[in-house]
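# Inside the fold
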Amino acid sequence: MHDLRSLRHDPDRLITSQRRRRGDVDAVATLMALDQEHRNCQLQIDSLRQQRNEASKAIGARKQAGEDASAQMEAVRKLGDELKAAENRMQDCQSEREALLMTLPNILDASVPDGADEETNQLVRDSGPVPPMDFEPKAHDEIGVSLGLLDFERAARLTGSRFVVLKNWGAKLERALANFFLDQNTARGYTEVLPPYMVNRETMTANGNLPKFEEDLFGVNFKDYFLIPTAEVPLTNLYRGEILDKEQLPMYMTAYTPCFRAEAGAAGRDTRGIIRQHQFSKVELVKIVEPEHSFEELEKMVADAEHLLQLLELPYRVMLLCSGDTGFNAAKTYDIEVWFPSQGKYREISSCSNCTDFQARRGMLRYRPEAGASTVFPHTLNGSGLPIGRTLAALIENYQQADGSLKVPKALQQYLGGAEVIA
RNA sequence: GGAGGGAUGGCUGAGUGGCUGAAAGCACCUCUUUGCUAAAGAGACGUACCGAUUAUAUCGGUACCGAGGGUUCGAAUCCCUCUCCCUCCGCCA
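The paragraphs below set out a description of the structure included in this document. (Residues numbered from 1 in each chain as written. Chains lettered and ligands numbered in written order. Predicted model: local features only at pLDDT ≥ 70, side-chain atom pairs only at ≥ 80, totals over all residues. Heavy atoms only, no water.)

Attention shifts here to the pattern of salt bridges. Two side chains of opposite charge can pair, provided their charged atoms sit close to one another. According to the stated counting rule, one finds 26 salt bridges in the structure shown. Residues Arg97 and Asp35 are paired through a salt bridge, measuring 3.0 Å at the closest nitrogen-oxygen approach. Of this pair, Arg97 sits in helix H4 (residues 70-101) while Asp35 sits in helix H3 (residues 26-64), placing them 62 residues apart in sequence. Exposure remark for Arg97: the relative accessible area of 8% places this residue in the buried category. Owing to a relative accessible area of 0%, Asp35 belongs among the buried residues under this scheme. Asp270 is the partner of Arg347 in a salt bridge, and the nearest nitrogen-oxygen pair spans 3.0 Å. One end of the pair, Arg347, is in strand S12 (residues 345-354); the other, Asp270, is in the loop between strand S8 (251-260) and strand S9 (279-289), and 77 residues separate them in sequence. With respect to class, Arg347 is no different from Asp270; both count as buried. Connected through shared salt-bridge partners, Arg8, Asp35, Arg39, Arg97 and Glu98 make up one network. (Salt bridge = Lys/Arg side-chain N within 4 Å of Asp/Glu carboxyl O. Helix = DSSP H or I, 4+ residues; strand = E, 2+ residues; numbered from the N terminus. Buried < 20%, exposed > 50% of the residue type's maximum accessible area, 1.4 Å probe, protein only.)

Taken together, eight strands build an open sheet; the order of strands is S1-S10-S11-S12-S14-S9-S8-S4 and the sheet is mixed. The two strands at the open ends of the sheet, each matched to only one other strand, are strand S1 (122-126) and strand S4 (191-192). Note: S1 against strand S10 (residues 316-320), four bridges, orientation antiparallel. What sits directly across from Asp126, in S10, is Arg317. The strands touched by helix H7 (residues 169-187) are S4, S8, S9 and strand S14 (379-387); relative to S8, the strand with the most contacts, the crossing angle is about 165°. (Pairing = 2+ DSSP bridges. Contact = heavy atoms within 4.5 Å. Axes fitted to C-alpha atoms, helices over the stretch in contact; angles between N-to-C directions.)

A few words on the packing of aromatic side chains. Under the defined criterion, the tally for this structure stands at six aromatic pairs. Taking 5.7 Å as the distance between ring centres and 45° as the angle between the ring planes, the aromatic pair formed by Phe180 and Phe181 counts as tilted. Side by side, Phe180 and Phe181 carry an identical accessibility label, which is buried. Centre to centre, the rings of Trp339 and Tyr346 are 5.1 Å apart; their planes meet at 65°, and the pair counts as edge-to-face. (Phe/Tyr/Trp six-rings, centres within 6.5 Å; stacked < 30°, edge-to-face > 60°.)

Turning to the side chain of Ser384, a few remarks are in order. Examined against the element boundaries, Ser384 turns out to sit in strand S14. Classification of Ser384 as buried rests on a relative accessible area of 9%. For Ser384, the residues in contact, after removing those within four places along its chain, are Lys282, Val283, Glu284, Leu285, Ala305, Ile349, Ser350 and Ser351.

In the region of RNA strand B, 21 residues are neighbours, and Arg8, Arg39, Ser56, Val76 and Arg77 sit closest. Here, RNA strand B places atoms within 4 Å of the protein, and 76% of those atoms are sugar or phosphate. For RNA strand B, a phosphate oxygen lies 2.6 Å from a polar atom in the side chain of Arg8. The separation between a base nitrogen of RNA strand B and a polar side-chain atom of Lys63 is 3.2 Å. Residue assignment for the surface near RNA strand B shows that the elements contributing at least two residues are helix H1 (4-9), H3, H4 and strand S13 (366-368). Counting residues per element, the surface near RNA strand B draws most heavily on H3, at 11 residues. Here the surface near RNA strand B is built from residues that sort into five nonpolar, six polar and 10 charged. (Near = heavy atom within 4 Å. Polar contact = N/O pair within 3.5 Å; in protein donor to acceptor, adjacent residues only side chain to side chain. Nonpolar A, V, L, I, M, F, W, Y, C, P; charged D, E, K, R; others polar.)

Leu149, Leu177, Phe181, Leu309, Leu314, Ile336 and Leu412 are the most contacted members of the largest nonpolar core, which totals 51 residues. Once you skip the residues sitting within four places of it in the chain, Leu314 turns out to touch Ser127, Leu309, Val338, Ala394, Leu395, Asn398 and Tyr399. Residues Leu7, Ala27, Met32 and Leu34 belong to the second largest nonpolar core, which totals 15 residues. (Core = buried A, V, L, I, M, F, W, Y, C linked by side-chain atoms within 4.5 Å.)

Read these as layout, nothing more, since geometry by itself doesn't imply function.
Shown next as structure tokens:
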């Protein structure tokens, strides 16, 4: 959410950003007009209320003195009617303004390169040349099924498409990866959190998933709750509405949760394998930091995610997303992409974003820089560190051997009872 | 699911229609006294929005006592709905 006051002062910042995002530019002017109208209403209401407060006080004084006040009371009653009408006008105006405001994405950072789509994303660095394979690599789902790690058919029976059952070493690998990621992240200063997996509408709205992206979410029947699409949602909302002490920042959190996504716009994409599922597990990283450090904290978060891939010895590259590809909440996003031999290309495995004060403002999350000072919105950051499903897929593909068996990455062996090969 | 009790400022906690944006205490901040610390004394001390302006300071106004709605000239205070917390009973794990 944007700060209306600074927007009034400088709407061009948002207009420029919208143009760069290939987003709705006219909406900004509409918003400013609604805002002006709303302020006019408020001015009128404040003055009416002032009149009423003063008149009511006078009535009280007269009554106390034992005088008659019925004429004054009648006058204030009329004032009250006028006030109610004005309040209704303001309410309408305000809800219209809020509705529009909530659909406008964050302002892009100046360092984000211009471009329409992922074609223009910039390569920042990679882990070096992809190691050659001396046989034709198979797809992860083919290997996973033949080794008895993945079962798509029975998952479809239980639920439907885009679900999978993990069995034997598949299930153990999930647990091993989750523990490995959490251990690494906590060693690097992140506090482990286990949040609820379903949240209410306010939480989804503060995070930025609502009102705009409801079709991407799974709702819950009996209540107005939603299954989380990522642990980012509960983590960024954990301190919603609070005023934090400066000493509490920077705050680093990590959480292992299932994630649920409707994948409404992804029909026909990645239908094979476990790259794109309605349910997957992920270890998430979230930071709440002071504004002046947020961009260096973003670099550190990317390094934290990279560190995991380095330990797993998976080939990857880091991309800086261009303006048109950067998500709704983010001012700046790095994607980390991991190598998939069977596809002969890199695929997204982690997306690390600095959301600046966009989410903090939606959730009224603030901190006090020093005693007595006024409150400031901190910056929130989120990134995957890392998703279990896609990591598992990448591991299977990159660690496959010619005989169809799977080597176990050194870093994971201690989490799998010392196993070195899965066959 | 049944019965009852709660929700007030950073915290504790008064307050059943106007003098309450809110007593009192604690914490925090400033100043005074003291060689330092401790202690004591004095003062300041919520958040948001709007407006004025020598515009991150100051002044004026408005709103906010869990959320929403209602009664009233006027509500923290009365009524209704909801949410959350606590206690007891039942049920499930």
